[in-house]
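Reading the structure
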Amino acid sequence: DPTDDLHRPLVHFTPREKWMNDPNGMVFHNGTYHLFYQYYPDSTVWGPMHWGHATSKDLVHWQHQPIALYPDSLGYIFSGSAVIDEKNTTGFGRNGTPAMVAIFTHHDPKGESAGRNDYQNQSLAYSLDEGKTWTKYAGNPVLKNPGIKDFRDPKVMWYEPGNKWIMTLATLDRITFYSSPDLKQWKKESEFGKEVGAHGGVWECPDLFQLNYNGKNIWVLIVNLNPGGPNGGSATQYFLGDFDGKAFKPFSTETKWLDYGPDEYAGVTWSNTGKRKIFLGWMSNWQYATVVPTLRWRSAMTVPRDLGIQKIGESYYITSNPVPELNVLAEKPVVLNNIQAGNFDLTEKTGLVNGPSMIQLKAAQIGDLSIELSNEIGQKLIVGFDQQSNMYFIDRRESGKVEFEKGFAARHTAPRLSTKQDMDMTLVIDNASIELFADGGTSVMTAIYFPGNIYSRIKLQSPGNLRLESLEFKRLRSIY
Ligand code: FRU
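Computed from a predicted structure; not experimentally measured. (Residues numbered from 1 in each chain as written. Predicted model: local features only at pLDDT ≥ 70, side-chain atom pairs only at ≥ 80, totals over all residues. Heavy atoms only, no water.)

**A short note on the overall build of the chain**
Inclusion rule: Numbering of helices and strands starts at the N terminus; helices are DSSP runs of H or I of at least 4 residues and strands are runs of E of at least 2. Based on C-alpha atoms, the radius of gyration is set beside the globule rule, defined as 2.2 Å times the residue count to the power 0.38. For the exposure calls, accessible area comes from a 1.4 Å probe over protein chains only, and a residue counts as buried if that area is under 20% of its type's maximum, exposed if over 50%, partly exposed in between. Contacts are assigned to residue pairs that have any heavy atoms within 4.5 Å of one another. Only the protein chains shown count as cover for residues, with accessible areas throughout obtained via the Shrake-Rupley method and a probe of 1.4 Å. In summary, the charge assignment counts Lys and Arg as positive and Asp and Glu as negative, without counting His or the chain termini. Lys charges are placed at NZ, Arg charges at CZ, Asp charges at CG and Glu charges at CD.
Broken down by element type, the chain carries three helices and 34 strands. Here the C-alpha atoms of the chain give a radius of gyration of 22 Å, agreeing with the 23 Å that 2.2 N^0.38 yields for 480 residues. Across the 480 residues of the chain, 62% fall into the buried class. The long-range share in the chain, meaning contacts at least 24 apart out of those at least 6 apart in sequence, stands at 62%. With the model as given, the accessible surface of the chain reaches about 17800 Å², and the carbon-plus-sulfur share is 48%. In the chain, which carries 48 positive and 52 negative side-chain charges, the distance between the mean positions of the two groups comes to 3 Å.

As structure tokens, then:
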């Protein structure tokens, strides 16, 4: 189908065919990044979940691998994480080869239709050959449901000071922390969040890890939420604070969003990457994920993002920025200095765009700015900054096919958090998505779109004729 090719991302991971949702089990091992994902190989809508699998050496080019985990008598294979059991705490390792262990939710559809409330349980599977073949643990499930309908998406990490594993689990309207010496026996440690954060929907897909800020370690708790996101539907919130091996204590109760746009969800980070924390999200939204107009496959992942921390006033915030590895795709940049953005046709300098690109711009002041991508049939996508409301925005109301769901045609906004007097924006543009990273990655938005023809023109507009110190444009080569 030609429109499938038109909307096929060229610099983002996507399954060759059929349905994909959350990234799962992301782990770095022996120089390879593993990406597992919620996958239904029989249809382009959600169904009995498997773990699909792909691998990469550079976070950019991905190799499809055989399906890693299939549903079994305990149920579908829902979201979860993977660790490398270096100390062989599980005994799954053999002859010095540590096991790659997946910790996932078994979702029993029979229990669900029988109206029970204990049909989600946590289980293990392990691989001794770099994720190619898997053995499910005979003692599954390892963490039984105590009677909480939504009890899922275990993210496990090794907590060195306590010499134990910590599981961060989404339990309906809060996070429950568990600990274990061997990934098999789990003890409840504490709960967090019933009274804090955004609660417009169910808490899902959490993550817990440390980020360094000026030599100090800060704990990050990511909690995905569906629905109830700042622009409707699914979104990723986070908390910063302390974790002592038992309980998480937030520095503040302010609700913070890792990505304000409509199309980043279920995002979590890679395990086993040391101090570097790399985040990846599913580039869709449950509000319309199953009806977006692609026929052979559904959905893509965001670009991988490096996470950091910035302090603004007295508060800390997460920053996310596209991983520098993406530059392996970049063609020779077009660099422009001192341009007036009043009414500036970038295409005059770059030629027709016709494919993925990256734009980085800097202004010495803040001011209204819009960047419009368009095609010759009058469809357009506008991204920019509105000074009066102090908001970044992505407007996809006239972006192409929008009628498949009533909320899709919208102008979405993200507050500018930075208080700096200058402004910077990085855009990662693909055939059917845009990701905006502003002010060093403190305001981030992701949105998908489905134009009837590829966007080939880029125009800047600014009512105040904002001067840009620099603008760098790079075409990105396809990863396929
Ligand atoms: C999040 C989610 C998870 C669940 C998975 C099922 O998008 O609902 O909570 O494990 O998708 O596919």
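**Focus on the sheet that holds strand β9 (residues 151-159)**
In a beta sheet, neighbouring strands are held together by backbone hydrogen bonds and run either parallel or antiparallel to one another. Under the convention used in this document: A pair of strands counts as paired when DSSP detects no fewer than two bridges linking them. Between N-to-C directions, angles cover 0 to 180 degrees, with each direction set by a line fitted to C-alpha atoms, over the stretch in contact for helices.
One open sheet accounts for four strands, arranged β9-β10-β11-β12; its pairing is antiparallel. Here the strands that pair on one side only, and so sit at the sheet edges, are β9 and β12 (187-192). Averaged over all adjacent pairs, the angle separating strand axes in this sheet is 25°, with direction ignored. Across seven bridges, the pairing between β9 and strand β10 (residues 164-171) is antiparallel. For Trp158, the partnering residue across the bridge sits in β10 and is Trp165.

**Things to note about the site of the ligand**
This is how it is decided: By convention in this text, a residue qualifies as near a molecule or strand provided that one of its non-hydrogen atoms is within 4 Å of it. Definition of a polar contact: a pair of N or O atoms within 3.5 Å, with one able to donate and the other able to accept a hydrogen when the atoms are protein atoms, and with sequence-neighbouring residues admitted only if both atoms are side-chain atoms. By the convention adopted, Pro, Cys, Tyr, Trp, Phe, Met, Ile, Leu, Val and Ala count as nonpolar, Lys, Arg, Asp and Glu as charged, and the other residues, Gly among them, as polar.
The full set of residues close to the ligand is Asn21, Asp22, Gln38, Trp46, Met49, Phe78, Ser79, Arg152, Asp153, Glu204, Tyr265 and Trp286. Separating an oxygen atom of the ligand from a side-chain N or O atom of Trp46 is a distance of 2.9 Å. For the ligand, whose unbound accessible area comes to 320 Å², protein coverage reaches 95%. Every element with two or more residues in the shell around the ligand is listed here: β1 (18-29), β5 (76-85) and β9. Among the residues making up the shell around the ligand, the classes are represented as five nonpolar, three polar and four charged.

**Some points on the side chain of Ser462**
One can find Ser462 in the loop between β33 (457-461) and β34 (467-475). Its relative accessible area of 5% is what places Ser462 among the buried residues. If near-sequence neighbours (up to four positions away) are discounted, Ser462 is found in contact with Ala341, Gly342, Asp368 and Leu369.

**Digging into the environment of Leu172**
Secondary-structure assignment places Leu172 in the loop between β10 and β11 (174-180). Here Leu172 falls in the partly exposed class, since its relative accessible area comes to 37%. Distance in space between the C-alpha atoms of Leu172 and His199 is 9.8 Å, their sequence separation being 27 residues. In this structure, Leu172 is in contact with Ile148, Asp150, Val202 and Trp203, ignoring residues within four places of it in sequence.

**Description of the environment of Ser190**
Residue placement: Ser190 occurs in strand β12. In this structure the C-alpha to C-alpha distance between Ser190 and Thr176, which are 14 residues apart in sequence, comes to 5.9 Å. Setting aside chain neighbours within four positions, we find Ser190 in contact with Ile175, Thr176, Phe177, Lys246 and Ala247. Reaching out from Ser190, the side chain makes a polar contact with the backbone oxygen of Lys246 at a distance of 2.6 Å.

**Details of the packing of aromatic side chains**
Definition in use: Only rings of Phe, Tyr and Trp enter the pairing, Trp through its six-membered ring, and a pair is recorded when the two centres are within 6.5 Å. The plane angle decides the type: under 30 degrees is stacked, over 60 is edge-to-face, the rest tilted. Our definition puts a charge over a ring when NZ of Lys or CZ of Arg is within 6 Å of the ring centre and also within 35 degrees of the ring normal.
One pass over the structure, following the stated rule, counts 33 aromatic pairs. On the numbers, 4.9 Å between centres and 75° between planes, the contact of Trp158 with Trp165 is edge-to-face. Residues Tyr213 and Tyr316 carry aromatic rings whose centres are separated by 5.3 Å and whose planes lie at 75° to one another, so their mutual orientation is edge-to-face. Of the two residues, Tyr213 is situated in strand β13 (residues 202-213) and Tyr316 in strand β22 (residues 315-322); the sequence distance between them amounts to 103 residues. Judged by relative accessible area, Tyr213 falls into the buried class, the value being 17%. With relative accessibility at 12%, the residue Tyr316 sits in the buried group. Ring-pair connections join several aromatic residues into one group, and the members of that group are Phe13, Phe28, Tyr33, Tyr37, Tyr39, Trp62 and Trp270. The residue whose ring lies beneath Lys256 is Tyr317, and the NZ or CZ to ring-centre distance is 4.7 Å. When the ring centre of Phe385 is taken as origin, the NZ or CZ atom of Arg416, which lies over that ring, is 6.0 Å away.

**Description of the sheet that holds strand β24 (residues 343-345)**
Taken in spatial order, the six strands make up an open sheet running β24-β33-β26-β27-β28-β29, and their pairing is antiparallel. Each edge of the open sheet is held by one strand with a lone partner, namely β24 and β29 (411-415). Adjacent strand axes in the sheet meet at a mean angle of 15° when their direction is disregarded. Here β24 runs beside β33; their pairing, made up of three bridges, is antiparallel. Pairing of Asp345 across the sheet is with Lys459, part of β33.

**Observations concerning the UniProt feature "domain: Glycosyl hydrolase family 32 C-terminal" (unreviewed entry) in the chain**
Under the convention used in this document: UniProt positions are given in the numbering used here, feature names are shortened, and annotations may be inferred rather than shown by experiment.
Under the feature "domain: Glycosyl hydrolase family 32 C-terminal" (unreviewed entry), the UniProt entry names residues 361-473. Across residues 361-473, the secondary structure splits into 0% helix and 51% strand, with the terminal C-alpha atoms separated by 9 Å.

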